[in-house]
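# Survey of secondary and tertiary structure
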Amino acid sequence: MVEKRESMLSELDYTKAQLIFFYIIVLLSLDVLNPVKIFLHVFPAISPWHIATLAIGCMAYTFIMNLRPLIYFSTKVFFHSILSIFFNDVQVVGRENIPKYGPVIFTANHANQFMDGLMIMCTCQRTISYLVAEKSWYRPVIGHLAWAMGGVPVKRAQDSAMKGAGSITVAIESADDDVIHVVGKGTKFSTELKVGDKIRFPKSALGIKVASIENDEAMCLKVEDGVLDAIATQPFPDDYVTFDILPRIDQKDVFKNVLEKLASGGTIGIFPEGGSHDRTDLLPLKVGVALIAYSELEKDGINVPIVPVGLNYFRAHRFRGKATVEFGSPTYIEPGTLKDYQKGGADKRRVCNSLLTRIENSMRSVIVSVPDYDTMQVIHAARRLY
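This report concerns the structure included in the present document. (Residues numbered from 1 in each chain as written. Predicted model: local features only at pLDDT ≥ 70, side-chain atom pairs only at ≥ 80, totals over all residues. Heavy atoms only, no water.)

### Things to note about the packing of helix H11 (residues 256-263) against helix H12 (residues 288-300)
Here is the rule we go by: Helix axes are fitted only over the stretch in contact, all axes being lines through C-alpha atoms; the angle between N-to-C directions runs from 0 to 180 degrees. Starting at the N terminus, helices and strands are each numbered in turn, a helix being any DSSP run of H or I of at least four residues and a strand any DSSP run of E of at least two. In this scheme, a crossing is called left-handed if the near helix is turned counterclockwise away from the far one by less than a right angle; it is called right-handed if the turn is clockwise. Contacts between residues were defined by any pair of non-hydrogen atoms, one from each residue, lying within 4.5 Å.
Look at H11 against H12: their axes get within 10 Å of each other, and the N-to-C directions meet at 65 degrees. Seen from above, H11 lies across H12 with right-handed handedness. Between H11 and H12, the residues in contact are Val258, Leu259, Leu262 and Ala263 and Ile292, Ser295, Glu296, Lys299 and Asp300, respectively.

Here it is as structure tokens:
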């Protein structure tokens, strides 16, 4: 059902806060009930400033010990106000699909690079941690802000990239080849590279996996999705180009902090498309979310619910636009597939791709491409009726 904007406190918490507030007012109004005045009367040697100093010290200790939650809450309140000003209306649908306790992975479409993360944070009652590149985690200011907001550092191969010696060219023997033969000039493949590492061409973000190394000036690359397109942008086979080396990082190291966060009952926010875009459909999803879910099931035996989040903006580029945030039904790993995942190889790829397909379908179920906000409201009304 369609719900109103999220309240910062639940009804029960709000009632408790009201009762405590009025109780304090009563205590401060009547000296006979004021516990501080009674204590000072019983122990006249103690001055009021002694109690005030102790209270201030306790307040400072409480503030420091709860610094991260307080900063997160304050930031959430601030951006909630900003979004309320920028958007005329923000409708939240399906909040009942969010588990109240335990680990959760939120997967959302990425329509706006700066707005999406804030929109989910401000409309979800759970505290969400987003993944942050470990390289950024250790930078001044940015790293401190990421820490304060509960970010989770993640190792990436591109953060350890280094320039390879010499230059290379490639030749595809036939369209059906599973590998691409690379010829080097002044290169040191045997000493600089290992099987499983990746190389990256100039002006390309795609890392291509090394399948085998023959000698210092000959090796083979594995043909995967996007590889042929990346090669087509280079002046091969006539010219040689420089290249970057992306060292292979063990999956356990990549997701170590993420798994610790999930094991402690935390929540993770992921944009599995890998980048923001303005298309009406999803980009192909990256396999990382499936690897995280299976790794947590394998390591701690926790089948983490994967909740799809649909972000739909209407006139988002204009002031006082409208938006809808929809949380869909969680997707779970089928426990029987864990054995196939643990086998590795083709079996691991198969179960990961199967889970990825289910996640993609669940994300499509909360993303509705409609021309205007009123049509979206009609669709939500029809869902409630049928």
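Back to the text.
### A closer look at the sheet that holds strand S11 (residues 218-222)
Basically, it comes down to this: Here, a strand pair is defined by DSSP locating no fewer than two bridges between the strands.
If you walk across this open sheet you meet the 7 strands as S6-S12-S9-S10-S11-S8-S7, and the pairing is antiparallel. Both edges of this open sheet fall to strand S6 (162-163) and strand S7 (167-171), since each of them pairs with a single strand only. With 5 bridges connecting them, S7 and strand S8 (residues 179-185) associate as antiparallel partners. Opposite serine 167, over in S8, you have lysine 185 as the bridge partner.

### Description of the nonpolar core
Selection rule: Remark: nonpolar core denotes a set of buried residues (Ala, Val, Leu, Ile, Met, Phe, Trp, Tyr, Cys) joined through side-chain atoms within 4.5 Å. Here's how the labels work: a residue is buried when its accessible area is under 20% of the maximum for its type, exposed when over 50%, partly exposed in between, all with a 1.4 Å probe on protein chains only.
Judged by nonpolar contacts, the single largest core of 32 residues is most densely connected at Ile105, Ile292, Tyr294 and Leu355. Looking at this core, the elements that each hand over two or more residues are strand S5 (152-154), H11, strand S13 (267-270), H12, helix H13 (338-343) and helix H14 (345-364). Sort the elements by how many residues they give to this core and H12 lands first, with 7 residues. Not counting chain neighbours up to four residues away, the residues in contact with isoleucine 292 comprise Ile105, Phe255, Val258, Leu259, Leu262 and Ile270. Membership of the second largest hydrophobic core comes to 24 residues, among which are Tyr72, Leu83, Phe106 and Ala323.

### Looking at H11
Heads up, the condition is: Picture the helix axis, draw a direction to every C-beta atom, and the arc is the one those directions span.
Within H11, the full set of buried residues consists of Val258, Leu259 and Leu262. Along the axis of H11, the buried positions cluster into a sector of 95 degrees, meaning they face one direction only. Along its buried surface, H11 packs onto strand S3 (104-108), strand S4 (128-133), S5, S13 and H12. At the C-terminal side of H11, glycine 265 shows a positive phi close to 90 degrees.

### Here we look at a nonpolar patch on the surface
Convention followed: A patch consists of residues exposed above 30% relative accessible area that lack any salt bridge, with like charges linked at up to 9 Å and nonpolar side chains (Val, Leu, Ile, Met, Phe, Trp, Tyr) linked at up to 5 Å. Surface accessibility follows the Shrake-Rupley procedure with a 1.4 Å probe radius. Residue values consider only the protein chains on display as shielding. One side-chain nitrogen of Lys or Arg within 4 Å of one carboxyl oxygen of Asp or Glu is enough to make a salt bridge.
Among the surface-exposed residues, Ile20, Tyr23, Ile24 and Leu28 lie close enough to one another that they form a single nonpolar patch of about 440 Å² accessible area. Relative to the helices and strands, tyrosine 23 resides in helix H1 (residues 11-29). For tyrosine 23, a relative accessible area of 53% translates into the label exposed.

### Digging into the packing of helix H4 (residues 67-86) against helix H5 (residues 115-123)
Selection rule: An angle below 35 degrees is read as roughly parallel, one above 145 as roughly antiparallel, one from 65 to 115 as roughly perpendicular, and any other as oblique.
As a packed pair, H4 and H5 sit with axes 9 Å apart at the nearest point and diverge in direction by 110 degrees. The pairing of H4 with H5 is recorded here as roughly perpendicular in orientation. As for the relative orientation of H4 and H5, their crossing is left-handed in sense. Of H5, the residues touching H4 (which contributes Tyr72, Thr75, Lys76, Phe79, His80, Leu83 and Phe86) are Met115, Leu118, Met119, Met121 and Cys122.

### Structural notes on the pattern of salt bridges
Counting across every chain of the model gives 9 salt bridges. Of the charged contacts, one joins lysine 343 and aspartate 340 as a salt bridge, the two residues approaching to 3.6 Å between their closest N and O atoms. Note that lysine 343 and aspartate 340 are positioned in helix H13 at a spacing of 3 residues, about one turn of the helix. Classification of lysine 343 as exposed rests on a relative accessible area of 59%. Overall, the relative accessible area of 18% leaves aspartate 340 in the buried class. Arginine 364 is the partner of glutamate 360 in a salt bridge, and the nearest nitrogen-oxygen pair spans 2.5 Å.

### Things to note about the packing of aromatic side chains
The test is simple: Stacked, tilted and edge-to-face are the three classes applied to pairs of Phe, Tyr and Trp rings, where Trp contributes its six-membered ring and a pair requires centres within 6.5 Å; stacked means planes under 30 degrees apart, edge-to-face means over 60, and tilted covers the rest. Sitting over a ring, as applied to charges here, requires NZ of Lys or CZ of Arg to be within 6 Å of the ring centre and within 35 degrees of the ring normal.
For the structure on display, the rule yields 10 aromatic pairs. With 6.1 Å between their ring centres and 75 degrees between their planes, phenylalanine 106 and phenylalanine 327 make a pair best called edge-to-face. With phenylalanine 106 in strand S3 and phenylalanine 327 in strand S15 (residues 321-327), this residue pair connects regions lying 221 residues apart in the sequence. Overall, the relative accessible area of 1% leaves phenylalanine 327 in the buried class. Through successive ring pairs, a cluster of aromatic residues spans Phe86, Phe87 and Tyr313. Above the plane of the ring of tyrosine 240 lies lysine 185, whose end atom (NZ or CZ) is 4.2 Å from the centre.

Purely spatial values, then, with no claim about function.
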